[in-house]
Amino acid sequence: MTEAAPRESSLRGTLTYADYLQIDDGRQYELIEGELVLTPSPGFLHQHIAANIGGLLRTYVDKHNIGLVLYAPFDVVLADNLVLQPDVLYLSRERFDLLTENCLKGAPDLVVEVLSPASGRRDRLEKSRLYLKHGVKEYWVVDPSAQTVEIFSAREKGWLLAGAYGPEDTLNSPLLPGFAAHGAEIFRLPEGLVL
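Residues numbered from 1 in each chain as written. Predicted model: local features only at pLDDT ≥ 70, side-chain atom pairs only at ≥ 80, totals over all residues. Heavy atoms only, no water.

## Some details on the layout of surface pockets
For step 1, the next point in the chain: Approximately 360 Å³ is the volume found for the largest pocket.
For step 2, the next point in the chain: Those elements that place two or more of their residues in the lining of the largest pocket are helix H3 (44–64), strand S8 (110–114) and helix H4 (120–133).
For step 3, the next point in the chain: Among the elements that make up the lining of the largest pocket, the one with the highest residue count is H3 (four residues).
For step 4, the next point in the chain: By residue class, the composition of the lining of the largest pocket is ten nonpolar, seven polar and six charged. (1 Å grid on protein atoms, 1.4 Å probe; cavity = no way out; pocket = protein on both sides within 12 Å on 5 of 7 lines; lining within 4 Å. Points joined across faces, edges and corners; volume = space filled by probe spheres on them. Helix = DSSP H or I, 4+ residues; strand = E, 2+ residues; numbered from the N terminus. Nonpolar A, V, L, I, M, F, W, Y, C, P; charged D, E, K, R; others polar.)

## Describing the confidence of the model for the protein
For step 1, the next point in the chain: Averaged over every residue, the pLDDT of the protein is 90; residues scoring 70 or more account for 93%.
For step 2, the next point in the chain: Model confidence for the protein, summarised as mean pLDDT per element, is weakest for helix H1 (residues 4–10) at 37 and strongest for strand S6 (residues 88–92) at 98.
For step 3, the next point in the chain: Between residues 1–11, whose pLDDT stays under 50, and residues either more than four places distant or in other chains, the model counts eight contacts. (pLDDT = per-residue confidence, 0-100. Contact = heavy atoms within 4.5 Å.)

## Focus on the pairing of strand S10 (residues 148–155)
For step 1, the next point in the chain: Note: strand S9 (residues 138–143) against S10, six bridges, orientation antiparallel. Bridge pairing in S10 links glutamate 138 to serine 153.
For step 2, the next point in the chain: The antiparallel hairpin formed by S9 and S10 contains four residues in its connecting segment, where glutamine 147 sits at a positive phi of about 55°.
For step 3, the next point in the chain: Count of turn residues in the S10/strand S11 (residues 158–165) antiparallel hairpin: two residues. (Pairing = 2+ DSSP bridges.)

## Examining the pattern of salt bridges
For step 1, the next point in the chain: Applying the stated criterion to the full structure yields nine salt bridges.
For step 2, the next point in the chain: Note that arginine 95 is salt-bridged to aspartate 109, the shortest N-O span being 3.7 Å. Of this pair, arginine 95 sits in the loop between S6 and strand S7 (103–105) while aspartate 109 sits in the loop between S7 and S8, placing them 14 residues apart in sequence.
For step 3, the next point in the chain: The partner of lysine 137 in a salt bridge is aspartate 109, with the nearest N and O atoms 3.3 Å apart. With lysine 137 in the loop between H4 and S9 and aspartate 109 in the loop between S7 and S8, this residue pair connects regions lying 28 residues apart in the sequence.
For step 4, the next point in the chain: Linked by salt bridges that have partners in common, Glu30, Glu113, Asp123 and Lys127 make up one network. (Salt bridge = Lys/Arg side-chain N within 4 Å of Asp/Glu carboxyl O.)

## Observations regarding the sheet that holds S9
For step 1, the next point in the chain: The mixed open sheet is built from six strands, whose spatial order is S3-S6-S8-S9-S10-S11. Bordering the open sheet on either side are strand S3 (67–71) and S11, each of which pairs with just one other strand. Sheet twist, expressed as the average angle between the axes of neighbouring strands with direction ignored, equals 15°.
For step 2, the next point in the chain: Looking at chain direction, S6 and S8 are connected through three bridges and run antiparallel. (Axes fitted to C-alpha atoms, helices over the stretch in contact; angles between N-to-C directions.)

Put into structure tokens, the structure is as follows:
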């Protein structure tokens, strides 16, 4: 563990995707503008909500045969020095040529990030800016503690808040016509589980 820290700090801001692929220390990272960022394993609530959203999206996407839904950890290579692992992503059939066995080389159509204490600020600010810059069309920010989902649509001048939803609302996606999910389904816990 102490050996990795000097390497990371001495290479801050200079790493590429090729360098990223050489890292094999059992930890999970993202590469943000050439800087290696350790991403701790998410907790149960984060994973459960991401799975709920992924399941709802996948049902819709499969029913309409319009693309595919993938889950973290899966590398999204937006540039040679930028590798992110969104919690859930949707890739339209028109962008299938970006998909390889090991990664997505370009922007997915839709990205979902479920906030956690370690990543909330980075997801809301830095990663949001990067997703917009590299062509993501829709960005969902899910806050488990507030039980909210904010949906942003890409516009020329930045993100437009298309909707903010809680457990009592029905969530709609401007990118996916006819998609509707009850907020309660997103934040639902297994029966009998109390956290």
